[in-house]
Amino acid sequence: MSTAQAVEAVFRIESARIIAGVARIVRDVGIAEELAQDALVAALEQWPRTGVPDRPGAWLTAAAKNRAVDLVRRRETYARKLAEVGRTLEDAPPPPEPADPDDIDDDLLRLIFTACHPVLATEARIALTLRLMGGLTTAEIARAFLAPEPTVAQRIVRAKRALARAGVPFEVPYGADRDQRLASVLEVIYLVFNEGHSATEGDDLVRPALCEDALRLARVLAGLMPDEPEVHGLAALLEFQASRIATRTGPDGAPVLLADQNRSRWNRMLIHRGVEALRRAGTGPYSVQAAIAGCHAAAVRYEDTDWATIAALYDRLVRLVPSPVVELNRAVAVSMARGPRAALPLVDALAAEPALRSYHLLPSVRGDLLERLGRPAEARAEFERAAALTRNASERALLLGRAARL
């Protein structure tokens, strides 16, 4: 790995923490992101000469915070905050905030709740937080939204400006204000985990650091809001999904399909945590998805999977959150419960969905159904089309391999 690649890899892992730490100083998430990018540029200039430091994340954080201090010092109106900034750089505790039994000192959580302020439209909240929290590119966020990249880019720029104009405080809110932002916060944590679980682009299928951050934040929220069933539903879902991460790729980094995963390597502690969280979940979308993931976790062998129950749960999920992606997942479950012939019309009905036009999993699922129906030439064409649509190198190799075998 070259020095430049090492810098970019470290920044991708650490960017959310860097932005969150700097935002506590400058109280502006847009400026905080710019200062984090400045630190990245400095690393790209210096590390090829000096070598990668022993603690690259700490180096980037310090560089960004130093720039934050310089910025604050240049602004006379911020002079009264210099003492606080100095304490922050020395890793002293942040200034005390009003005591509250629900208070929590977690910069990443502050970052999410700040970016999910109701001054922003829902789509803008989620896009901005994915950018800041997950370090996702515009293309990755557009994939999560199934939206054009220019539209997503405009949302992010406008969202930063709106937060700055409104003077939104960098904090975890209390009471009704927290409840008002909760749905957006849950969606962001869910989407960040998904990007870590199945990376949109790059060489690696999985980005474990994103999964770990999202799972930790879900656990923190569950402790912070113990009476919110959907918080527990999301926590259960992520626990179940995280339990399988180690088996999703082989020693060479190649994807391993669910049917071929070594279930003895699934993390039983995480599955146990998922079961416990599911007991406190409700009937909302995350809770239903957690129940689906729980069915997979309960199956000792792939052949033991209760596909009939999973298909029924997807029926319920479609009613709760109608979406072409959920419909596609439902079709997969139907194919396993009732056979590929029953599922193929469901998949074909989604072909005209504009949101799925560039979604590589649509032709991938269709190829799988056609292969199981004994139509190899058509299946091969679908796998090749799916490979052309994905931006992830590992997924592309898997799809081309399936096409070649046909």
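Scroll up to find the structure.
Residues numbered from 1 in each chain as written. Predicted model: local features only at pLDDT ≥ 70, side-chain atom pairs only at ≥ 80, totals over all residues. Heavy atoms only, no water.

K.L.:
How do you make sense of the overall build of the chain when you look at a structure like this?
P.N.:
Within the chain, the regular secondary structure consists of 19 helices and 2 strands. For the chain, buried positions account for 49% of its 406 residues. Taking as baseline every contact in the chain between residues at least 6 positions apart, the subset at least 24 positions apart corresponds to 66%. By element, 51% of the accessible surface of the chain is carried by carbon and sulfur atoms, the whole surface being about 18900 Å². (Helix = DSSP H or I, 4+ residues; strand = E, 2+ residues; numbered from the N terminus. Buried < 20%, exposed > 50% of the residue type's maximum accessible area, 1.4 Å probe, protein only. Contact = heavy atoms within 4.5 Å. Areas by Shrake-Rupley, 256 points an atom, 1.4 Å probe, with all protein chains shown as cover.)

K.L.:
What is the right way to read the environment of E378 from this model?
P.N.:
Counting through the fold element by element, E378 comes out in helix α18 (residues 376–389). Separated by 25 residues in the primary sequence, E378 and A403 have C-alpha atoms spaced 9.9 Å apart.

K.L.:
Whenever I open this one, the packing of helix α5 (residues 107–115) against helix α9 (residues 175–197) confuses me. Can you help?
P.N.:
Helix packing geometry: the angle between the two helix axes and the distance between the axes. Axis separation between α5 and α9 bottoms out at 9 Å; the angle between their running directions is 110°. When the axes of α5 and α9 are compared, the pair comes out roughly perpendicular. Along this stretch, α5 crosses α9, giving a crossing that reads as right-handed. Contacts between α5 and α9 involve I112, F113 and T114 from the former and R178, R181, V185 and I189 from the latter. Tallied by class, residues from the contact of α5 with α9 come to 4 nonpolar, 1 polar and 2 charged. (Axes fitted to C-alpha atoms, helices over the stretch in contact; angles between N-to-C directions. Parallel < 35°, antiparallel > 145°, perpendicular 65-115°, else oblique. Left-handed = near helix turned anticlockwise from the far one by under 90°. Nonpolar A, V, L, I, M, F, W, Y, C, P; charged D, E, K, R; others polar.)

K.L.:
Explain the nonpolar core to me, please; I cannot follow it from the model alone.
P.N.:
Among soluble globular proteins, nonpolar side chains are generally buried collectively. V26, L128, I189, L221 and L238 are the most contacted members of the largest nonpolar core, which totals 89 residues. Here the element with the most residues in this core is helix α1 (residues 3–26); it accounts for 11 residues. Setting aside its immediate chain neighbours within four residues, L221 contacts L109, F113, L182, V185, L186, I189 and V231. L328, L344, L369 and A386 belong to the second-largest nonpolar core, a separate cluster that totals 19 residues. (Core = buried A, V, L, I, M, F, W, Y, C linked by side-chain atoms within 4.5 Å.)

K.L.:
Even after reading the chapter, I still don't get the pattern of salt bridges, so can you show me in this structure?
P.N.:
Here the idea is simple: oppositely charged side chains can pair when their charged atoms come close. Counted according to the given criterion, the structure contains 20 salt bridges. The partner of R391 in a salt bridge is E149, with the nearest N and O atoms 3.1 Å apart. Of this pair, R391 sits in strand β2 (residues 391–392) while E149 sits in helix α8 (residues 149–166), and the two are 242 residues apart along the sequence. For D304, the salt bridge is made with R301, and the minimal N-O distance between the two is 3.0 Å. Judged by relative accessible area, D304 falls into the partly exposed class, the value being 36%. Ionic contacts of the salt-bridge type, sharing partners, join the residues D348, R366, E382 and R385 into one network. (Salt bridge = Lys/Arg side-chain N within 4 Å of Asp/Glu carboxyl O.)

K.L.:
So what exactly am I meant to see when it comes to the packing of aromatic side chains here?
P.N.:
Two aromatic rings are characterised by how far apart their centres lie and by the angle between their planes. Applying the stated criterion to the full structure yields 3 aromatic pairs. When the ring of W47 is compared with that of W59, the centres are 5.3 Å apart and the planes differ by 75°; the resulting orientation is edge-to-face. Here the residue W47 occupies a position in helix α2 (residues 29–50), and W59 occupies one in helix α3 (residues 56–74), the gap between them amounting to 12 residues. Note on W47: relative accessible area 1%, which makes it buried. Accessibility expressed as a relative area gives 25% for W59, which makes it partly exposed. Against the face of W266 rests R244, its NZ or CZ located 5.5 Å from the ring centre. (Phe/Tyr/Trp six-rings, centres within 6.5 Å; stacked < 30°, edge-to-face > 60°. Lys NZ or Arg CZ within 6 Å of the ring centre and 35° of its normal.)

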